[in-house]
Structures are given as C-alpha cells and as structure tokens.
Amino acid sequence: MASLHRRLLFIALLVIALPVFGEDTSGKLRELISRADLRYTAPVARSEEGLPLGNGRMGSLVWTSPTALKFQINRVDVQPINRETRSFPERNSDYMGGCGFVDIELGGAGPDVFPADAGPQQLSLFDGQASIAGKGVRSRLLAWNAQDVMAIEIDDQRADPESIRVNLRMLRSLSQYYGGELERMIRERIVTVKTANHTAASQLAERDGRIVLTQEFREGEHLAKSAVVIGIVGRESKVRFADETEVRLAATAGKGKFLVLIASAASLSATEDVVAAATQQLDAAARLGWEKLASDNAAWWEAFWKRGHLDLRSPDRTAEFVTDHYHYFLYLMAATSRGKYPPKFNGMIWNTAGDLRTWGTQHWFANLSCYYEALFASNRLDLLDPVFSMYSGMYDSA
C-alpha cells in the first residue's frame, strides 16, 4: 500500500508540475532556484563530480587537484567523423566533442591550495556562476552566454603569492603517436594519431602572447577543426612550451585579481579560421572584463528562470525534491543545448576522459529524446532547436 501511495503521489506531481510564470517578488525566485545549487564543503574525489559550466555550445566540468583548477574543454560541434567513415568498425569506438585539457596551477611550493578536507565550492544556478575557495586563493568562474568564452577570475591573497601557470594540453598523448616524421612533429609541435584511414592531428602554438591548441580531423573528404585559445588579462605572463603535447602561460606572482579567458571554436569548413574565430571572442571578453561578463550572464540567467519554474510542496518534501531536480535539469539543458547540434546523450559536454567517448558522434533518438521530451512544457522551445536543426539538416542524406 505504501508503494501504491508513493506512485500516486508521483503521478499527482507530474499532473500539477506546470511552470509557474510571472514576475519575481523580493528575491523569491532566486531563493527557489538556489535550492538546487551544488554546494561542496571540500574538493570532490572524481572529475565526474565537478561543477558543470556551459553556455549551450561550449563547457566543462570544473574540479580541483591539491594545487590546480582543472577543466576539459568540450563542444557540441566537434564532429571528427561523418557517415562515410570506414575506420571505426565497432559503432561504439569513435569519439567527438573534446577540444583540450586545461589546468590552472595555483601553487606547488607552499601548502596545498585545495586540501582534501576543506575548500568550499558552489555552483549558483540562478547566476550561472561557480565559486571555488582555496587557502589564500579564491576564484569565480562562468561560461559567457553571448560568446564561446569561459572566464576565470583568480584572487590571490596569500602572504607569499606564487607564480600561477595555465597549462593547455592535448587530448592525445605522445604515446599514442603512430607513423609520420617524428622530427617534423617535434619541430612543429604536432601529434598525429591515425586510426585506419582517420587522422587526428593536434598542434600547439603561441599567438601574440596567448597559447593555442588546434585539432584537425580528416577521413576521405571529411574535415573537422577545433581551436582553444587562452589569454591572461590583468597580469603579466609568458609562454613556455613544456613538451610536444603541452604549452604553458605563466603569470607573475603577486597579490590581487586577474582574469584567465578560455575561448574555443569549431568548424566543418576548410576555409574557416577557427583560431581567428576563437581569438575574436576572447578579445570581446577581454574588453568587457569580469564584472561586465558576470552581470551580463546574471541577467541572461535571471530572464531564463523567469520564463518558467516550479514551486511544489508536500509534507514529506518529496515535492520539493522534484522541484529542485527539475530546476537542475533545466540548468543543464540551457548549458548544453544552444548550439548547432544537441549534446550527446552519454555525458553531454561534461566529458573528462579525453577522447574516451563510447558511442562517439552517433546520436540515438531513443536516448537523445529523453533529454528533450520534457522541454515542450517548460516554455523553452528554443532549447529544442539543435535537435530539429540536426534532423532536418540530414534530410537529404536520410
């Protein structure tokens, strides 16, 4: 009987779970949405538990090691293969989405910045902003809604500040390198991985004091490209190549705040310059600075939440549980579903394992639809655009 009551309550919640619209009064909407915030009292043990930040096209989970903030930059539109591939005979062995690893090293000589037993971390859904506190170092992070840039404000208040390094690493390591001219690879900092007729070439570079990682995927007539460009604003920095697979941007030690900007771009066009596209977006973010980026993002997210939300209540707080998870679901969809393609059903844009991506570029509607069926009733039909765009775009091929 108890099980029947629970089922009836769940059905009742589904029936009454209609969006509540209207103007917010006295911060009640912020208070309601903030109940679903992620709040950690200490660093997470696994990267998969990191804080999700995304603008609908580009994103990363954010997690920490004892001395660093860590990211894997992913995009919904990095498509390394197309339907003509003959290089991945097992349909779960291809990959997509990944652009590069980024580590912001905050220390090393002194005590751990993020000890295992302390260091609050929070994701604010209402603002689309994360905050991570360490010993003497605080950071605020966001994925800019308007362009494909992640911004990280670092505030170093340690008595003895250390040099801070931003490391940009390839997803493919030198140990994966197959064939080609090793001397040319080392000189031009290119790593090429070949799988049958498919090639994935990664290259590091420096452009005007910024660090760059590009990827180029080829098989037959198919070509896909991506770029990650990173710059520092408000602190002097120098570029250093660690090896063939990693480049570093080292900021001078000092107290106070500065900004790390991570921009990305991707294309299926042979003529489009993805480095230039990412650089233009980084320049736009640099001109605005942290406060303007944060206020723009906060305004976008507030308007998003005002389009519809739930406020369900029950004596055993099951209704509140449903409400909070509904809002978290909407946050994830807004953070991943505003690009040319929908996010993959297995992990969306939150992959942290490099190119290890089971089911790769393939979208299975039975799985994909699970993310989108609830959006029709949420007053957010625009988040369905990537699905309709992808399926209508493949009409001639199908």
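Whatever comes next refers back to the structure up there.
Cut-offs and rules
Residues numbered from 1 in each chain as written. Predicted model: local features only at pLDDT ≥ 70, side-chain atom pairs only at ≥ 80, totals over all residues. Heavy atoms only, no water. Helix = DSSP H or I, 4+ residues; strand = E, 2+ residues; numbered from the N terminus. Rg over C-alpha atoms; globule rule 2.2 N^0.38 Å. Buried < 20%, exposed > 50% of the residue type's maximum accessible area, 1.4 Å probe, protein only. Contact = heavy atoms within 4.5 Å. 1 Å grid on protein atoms, 1.4 Å probe; cavity = no way out; pocket = protein on both sides within 12 Å on 5 of 7 lines; lining within 4 Å. Points joined across faces, edges and corners; volume = space filled by probe spheres on them. Pairing = 2+ DSSP bridges. Axes fitted to C-alpha atoms, helices over the stretch in contact; angles between N-to-C directions. Polar contact = N/O pair within 3.5 Å; in protein donor to acceptor, adjacent residues only side chain to side chain. Parallel < 35°, antiparallel > 145°, perpendicular 65-115°, else oblique. Left-handed = near helix turned anticlockwise from the far one by under 90°. Nonpolar A, V, L, I, M, F, W, Y, C, P; charged D, E, K, R; others polar. Expected span 1.5 Å × (residues − 1). Bend = angle between axes of the 7 residues up to and from the residue. Core = buried A, V, L, I, M, F, W, Y, C linked by side-chain atoms within 4.5 Å. Salt bridge = Lys/Arg side-chain N within 4 Å of Asp/Glu carboxyl O.

Trainee: How do you make sense of the overall build of the chain when you look at a structure like this?
Mentor: Assigned secondary structure in the chain consists of 7 helices and 17 strands. A compact globule built from 398 residues would reach a C-alpha radius of gyration of about 21 Å, and the chain, at 22 Å, matches this within 12%. Taken along its principal axes, the extent of the C-alpha atoms in the chain is 70 × 60 × 40 Å. Out of the 398 residues belonging to the chain, those deemed buried represent 53%. Put simply, 66% of the contacts in the chain that link residues at least 6 apart link residues at least 24 apart.

Trainee: Is there a simple way to explain the layout of surface pockets in this structure?
Mentor: Gaps left between atoms are located by rolling a probe of water-molecule size over the structure's atoms. In this structure, the largest pocket occupies an estimated 710 Å³ of space. No other element matches the 4 residues that helix α7 (residues 385-393) contributes to the lining of the largest pocket.

Trainee: What's the story with the sheet that holds strand β1 (residues 38-40) in this structure? I'm lost.
Mentor: Working definition: the strands of a sheet are paired by backbone hydrogen bonds and lie parallel or antiparallel to each other. With antiparallel pairing, the 10 strands of this open sheet are ordered in space as β1-β6-β7-β8-β9-β17-β14-β13-β12-β11. Lying at the two open borders of the sheet, with one neighbouring strand each, are β1 and β11 (190-195). This sheet shows a mean twist of 10° between the axes of neighbouring strands, independent of strand direction. Pairing of strand β6 (residues 121-124) with strand β7 (residues 129-133) involves 4 bridges; the strand directions are antiparallel. Within the sheet, the bridge partner assigned to Q122 lies in β7 and is S131. Against the sheet, helix α4 (residues 274-306) engages β7, β8 (137-143), β9 (149-156), β12 (198-207), β13 (210-219), β14 (222-233) and β17 (256-267), with an angle of about 140° to β17.

Trainee: Explanation requested: the side chain of T64 in the structure shown.
Mentor: Among the structural elements, T64 can be located in strand β3 (residues 58-64). Take T64: its relative accessible area is 9%, and that puts it in the buried class. Among the polar contacts made by the side chain of T64, one reaches the side chain of Q121 at a distance of 3.4 Å. Contacts of T64, omitting those with residues within four sequence positions, involve P43, L69, K70, F114, Q121 and I132.

Trainee: Looking at this structure, how should I read the packing of α4 against helix α5 (residues 318-336)?
Mentor: Two quantities define a packed helix pair, namely the angle between the axes and the distance from one axis to the other. At a closest axis distance of 12 Å, the pairing of α4 and α5 adopts a crossing angle of 130°. With respect to their mutual orientation, α4 and α5 come out oblique. Once α4 is placed against α5, the crossing between them reads as right-handed. Of the residues in α5, those in contact with W300, W301, F304 and W305 of α4 are H327, L330, Y331, A334 and A335. Each residue belonging to the contact of α4 with α5 can be placed in one class, and the counts come to 8 nonpolar, 1 polar and no charged.

Trainee: Any chance you could explain α4 here in plain terms?
Mentor: Helical geometry: 3.6 residues make up each α-helical turn, so side chains three or four residues apart lie on a common side. An ideal rise of 1.5 Å per residue puts 48 Å on 33 residues; α4 reaches only 35 Å between its terminal C-alpha atoms. At G289, α4 shows its maximal bend, which comes to roughly 105°. The opening residue of α4 is D273, an N-cap whose side-chain oxygen sits 3.1 Å from the backbone nitrogen of V275.

Trainee: Help me out: how do you make sense of the nonpolar core in this one?
Mentor: Buried together is how nonpolar side chains tend to be arranged in soluble globular proteins. Ranked by internal contacts, the top residues of the largest apolar core, which has 84 residues, are F71, V260, I262 and W305. Grouped together as the second largest cluster of nonpolar side chains are 20 residues, W144, A151, L261 and V275 included.

Trainee: Would you take a moment to explain empty space enclosed by the protein for this structure?
Mentor: Per the stated rule, a full pass over the model turns up 1 cavity of 30 Å³ or more. The calculated volume of the largest cavity comes to roughly 40 Å³. Around the largest cavity sit N74, R75, V76, M96, G97, P342, P343, K344, M348, I349 and R357, which together line it. When grouped by side-chain class, the residues that make up the lining of the largest cavity number 6 nonpolar, 2 polar and 3 charged.

Trainee: For this particular structure, what's the right way to read unusual backbone geometry?
Mentor: Note on backbone geometry: most residues besides glycine have negative phi, and most peptide bonds are trans. Non-glycine residue A196 carries a positive phi angle of around 55°. Mapped onto the elements of the fold, A196 is located in the loop between β11 and β12. Located in the positive-phi region is D208, a residue other than glycine, with phi close to 55°. One can find D208 in the loop between β12 and β13.

Trainee: Before we go on, may I ask you to explain the pattern of salt bridges in this structure?
Mentor: All told, the structure shown has 22 salt bridges when counted by the stated rule. For E246, the salt bridge identified is with R248, shortest N-O distance 2.9 Å. For E246, a relative accessible area of 11% corresponds to the buried category. A salt bridge links D296 to K292; the shortest N-O distance between them is 3.2 Å. Of this pair, D296 and K292 both sit in helix α4, 4 residues apart, which is roughly one turn of that helix. By relative accessible area, D296 is classed as partly exposed at 26%. What makes K292 partly exposed here is its relative accessible area of 40%. Linked through salt bridges whose partners overlap, the residues forming this network are R57, R75, D77 and D148.

Trainee: I would appreciate a short explanation of the environment of S47 in the present structure.
Mentor: Mapped onto the elements, S47 comes out in the loop between β1 and β2 (51-54). Counting along the chain gives 144 residues from S47 to V191, while the straight-line C-alpha distance between them is 25 Å. Not counting residues within four places of it along the chain, the set of residues in contact with S47 comprises L61, W63 and T352. There is a polar contact of 2.8 Å between the side chain of S47 and the side chain of T352.

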